[in-house]
Amino acid sequence: FYIFSLPAYHFVQRWLVIALFLSLFGAAAIYALAQQNNLAEGRVVILPHVQLHLSVIGVFIFLAFAAAMGAGLWIAALNVKYRDFRIIVPFMVQLGLYISPIGFSTTIVPEQWRLLYSLNPMVGVIDGFRWAIVGGNTPLYWPGFLFSIFLVIAMLATGVYYFRKTEKTFADVI
């Protein structure tokens with residue numbers, strides 16, 4: 001376990017520091033722009049009412065990282081065990097691109113299908129990025145977002161478990 005955990009710990013630690021720095025930098029930039037706007041209008045406001053949606057972007061970066069890590073561990077382990085699995089991966093990535101709300105908003109999905117649509121773990125992450133960057137103008141579907149967080153955590157946990165379970169046979173198969 002030590003062989004796997006130490007490099008992953010340092011990798012995750014670096015990404016968390018970067019995400020935290022970017023979040024704080026984004027919040028400071030928003031605050032500075034709001035102050036500049038207030039000064040241009042002739043007002044001096046110490047703490048303007050600024051919605052700091054951009055400051056939580058580090059959470060969404062971590063969720064995207066966890067989803068990619070979980071899927072990557074699954075794909076790596078399955079690729080070693082089943083040689084032909086590498087042929088399926090590009091089709092899965094392209095299908096994931098089409099079913100993820102990258103080019104469209106999830107508000108166009110009918111209400112009765114939104115929770116089912118949230119079975120895609122990237123739906124909540126992409127909606128969260130859109131909510132943070134646009135500034136709260138797009139609504140965040142909270143049941144789907146919480147379900148997406150649960151799926152990302154489950155995918156990462158099962159990916160680590162399956163990778164660790166099959167890692168012992170990698171040398172024999174390769």
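Residues numbered from 1 in each chain as written. Predicted model: local features only at pLDDT ≥ 70, side-chain atom pairs only at ≥ 80, totals over all residues. Heavy atoms only, no water.

### Points about the packing of aromatic side chains
Next, step 1: Tallied over the full model, the rule gives six aromatic pairs.
Next, step 2: Geometrically, the ring pair formed by Trp-74 and Tyr-162 is stacked, given 4.6 Å between the ring centres and 15° between the ring planes. With a gap of 88 residues between them, Trp-74 in helix α2 (residues 57–81) and Tyr-162 in helix α6 (residues 142–166) connect regions that are remote in the sequence.
Next, step 3: Judged by its relative accessible area of 28%, Trp-74 falls in the partly exposed class.
Next, step 4: Relative accessible area serves as the criterion here: at 12%, Tyr-162 is assigned to the buried category.
Next, step 5: Relative to Phe-145, the ring of Trp-142 lies with its centre 5.6 Å away and its plane at 85°, an arrangement referred to as edge-to-face. Note that Trp-142 and Phe-145 are positioned in helix α6 at a spacing of three residues, about one turn of the helix.
Next, step 6: Clustering of aromatic rings is evident, with ring pairs tying together Phe-60, Phe-129, Trp-131, Trp-142 and Phe-145.
Next, step 7: Positioned above the aromatic ring of Tyr-141 is the side chain of Arg-114, whose terminal nitrogen or guanidinium carbon lies 4.6 Å from the ring centre. (Phe/Tyr/Trp six-rings, centres within 6.5 Å; stacked < 30°, edge-to-face > 60°. Helix = DSSP H or I, 4+ residues; strand = E, 2+ residues; numbered from the N terminus. Buried < 20%, exposed > 50% of the residue type's maximum accessible area, 1.4 Å probe, protein only. Lys NZ or Arg CZ within 6 Å of the ring centre and 35° of its normal.)

### Comments concerning the pattern of salt bridges
Next, step 1: Here the structure, examined in full by the defined rule, presents three salt bridges.
Next, step 2: Residue Arg-114 is joined to Glu-111 by a salt bridge in which the shortest nitrogen-to-oxygen separation is 4.0 Å.
Next, step 3: A residue is classified by how much of its surface remains accessible, and Glu-111, at 53% relative accessible area, is exposed.
Next, step 4: Of the charged contacts in the structure, one is a salt bridge between Glu-167 and Arg-164, with a shortest N-O distance of 2.3 Å. (Salt bridge = Lys/Arg side-chain N within 4 Å of Asp/Glu carboxyl O.)

Such coordinate-based values are descriptive only and should not be taken to indicate function.
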